[in-house]
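Take a look at the letters that make up each chain.
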Amino acid sequence: MKKKLIPVALGLLGFITSCAHTNGLTADVFIYQFSDTYIGTVRTALETNLKEKGVTPKFYDAGGVQATQTQQIESALSTGSQILLANLVEQTATGDAVAEKAKAKDVPFIFFNREVPDSSVNPATYPDNAFVGTDPDQAGYMQGEILAGALIKDGAINPLWDKNGDGKINYVMLRADESNAEANGRTKYSVQEANRLLAEAGLDPLVHLGEDYNAGWSKDNAKQAMDNFISTYGLTGANAIECVIANNDDMALGAVASLQTQNYNKGGENALLVVGVDATAAAQAAIDAGEMYGTVKQDAEAMAQCIAELTANKLAGKDFLDGTSYAWDSETVHKIRIPYGSYTK
């Protein structure tokens, strides 16, 4: 097994409250959607890390609806929240608005996982706001590296993936919301980087079949989309699908589920090249079983640890980074980037 890592939120929809601590420190945590596999891992780790620091978390599920999440945040602010931690439903359209609401109540705010505008965490405007996440483009570049690593063999396209033997690879893209910075970076740079590396090897670029399909991070939606792609392009012939690029592992696994109904991607050589992002437990198991080729590891535990450390500092009246090993992304924003890694068999 090769596991290579590169260095470097009821009043409204019911909340889950953990056991109380005697110090009375609490954090309101707003999650865009509990059902998301990756963010579920972050939530579990964050609860553990906050409790270890004597902070009681209250988790709110927006169910993927920004209006619900905004109402949850306003309710928490009106009842005396000590600190807000938010995984926003709609990042770019909402970051500044919720930052302003928190500032008006003099409540510190940490955005996480889903990118927000720099203006939301500009220390000159919002000194008590921060963001903990990833570089929204890096996962795309790493997907491109994984793709190229699989496709280039002895100066040619690996025949294992070139099903029709034409020296080119036909791909379909399963993406998420166009308003999401991570989805946009993964969609654009996975293909761009793969094509750059293919060109360096003197090989033809990837061939895009149809339009990118927005499956909304969902395994079920992705399976249906893949069923439709197969119906349109087939798995044999000149225009056959040979590769699936997905913005996350749930969508990649949805594609695998569809392919398996056609007796593909069951662990043998009769498989399409499928890559995702997150390195969820289910995706790692699929990769280990040869049902999926690779993924980009988004480190849920490292993200949760960072959020908990910043939260504990703020609740103690300290600066966000006091006594930590973290650094801001730049002098003009309070952003911390957790690095990605690659996971392949």
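Residues numbered from 1 in each chain as written. Predicted model: local features only at pLDDT ≥ 70, side-chain atom pairs only at ≥ 80, totals over all residues. Heavy atoms only, no water.

Participant: Quick rundown of the environment of Glu-211? Include the residues and the values.
Facilitator: As for its position among the elements, Glu-211 is in the loop between strand S11 (207–208) and strand S12 (213–214). Residue class for Glu-211 comes out exposed when judged on its relative accessible area of 65%. Taking C-alpha positions, Glu-211 is 9.4 Å from Leu-174, a pair spaced 37 residues apart along the chain. (Helix = DSSP H or I, 4+ residues; strand = E, 2+ residues; numbered from the N terminus. Buried < 20%, exposed > 50% of the residue type's maximum accessible area, 1.4 Å probe, protein only.)

Participant: Explain the pattern of salt bridges residue by residue, including any values.
Facilitator: Summed over the entire model, instances satisfying the criterion amount to ten salt bridges. The partner of Glu-193 in a salt bridge is Arg-196, and the shortest N-O contact between them spans 2.8 Å. Of this pair, Glu-193 and Arg-196 both sit in helix H5 (residues 181–200), separated by three residues, roughly a single helical turn. Residue Arg-196 is classed as partly exposed on the basis of its relative accessible area, which comes to 38%. Ionic pairing is found between Arg-196 and Glu-200, a salt bridge with its closest N-O pair at 2.7 Å. Remark: Glu-200 and Arg-196 occur in helix H5; sequence separation between them is four residues, near one turn of the helix. Salt bridges here are not isolated pairs; linked through shared partners, they connect Glu-115, Asp-118, Asp-329, Lys-335 and Arg-337. (Salt bridge = Lys/Arg side-chain N within 4 Å of Asp/Glu carboxyl O.)

Participant: Give a detailed account of the packing of aromatic side chains, specifying residues and quantitative values.
Facilitator: By the definition in use, this model includes six aromatic pairs. On the basis of an interplanar angle of 20° and a centroid distance of 4.6 Å, the ring pair of Phe-30 and Tyr-60 is categorised as stacked. Of the two residues, Phe-30 is situated in strand S3 (residues 26–31) and Tyr-60 in strand S4 (residues 56–61); the sequence distance between them amounts to 30 residues. When its relative accessible area of 0% is taken as the criterion, Phe-30 is described as buried. Seen from the ring of Phe-34, Arg-43 lies directly overhead, with NZ or CZ sitting 3.8 Å from the centre. (Phe/Tyr/Trp six-rings, centres within 6.5 Å; stacked < 30°, edge-to-face > 60°. Lys NZ or Arg CZ within 6 Å of the ring centre and 35° of its normal.)

Participant: Could you give an account of the packing of helix H6 (residues 219–233) against helix H7 (residues 249–260), with specific residues and numbers?
Facilitator: At their nearest, the axes of H6 and H7 sit 7 Å apart, and the two run at 45° to each other. As summarised for this structure, H6 and H7 are arranged oblique, according to the angle between their axes. Seen from above, H6 lies across H7 with right-handed handedness. For the pair H6 and H7, contact is made by Lys-219, Ala-222, Lys-223, Met-226, Asp-227 and Ile-230 and by Asp-250, Met-251, Leu-253, Gly-254, Ala-255, Ala-257, Ser-258 and Leu-259, respectively. Class assignment for the residues of the contact of H6 with H7 results in eight nonpolar, two polar and four charged. (Axes fitted to C-alpha atoms, helices over the stretch in contact; angles between N-to-C directions. Parallel < 35°, antiparallel > 145°, perpendicular 65-115°, else oblique. Left-handed = near helix turned anticlockwise from the far one by under 90°. Contact = heavy atoms within 4.5 Å. Nonpolar A, V, L, I, M, F, W, Y, C, P; charged D, E, K, R; others polar.)

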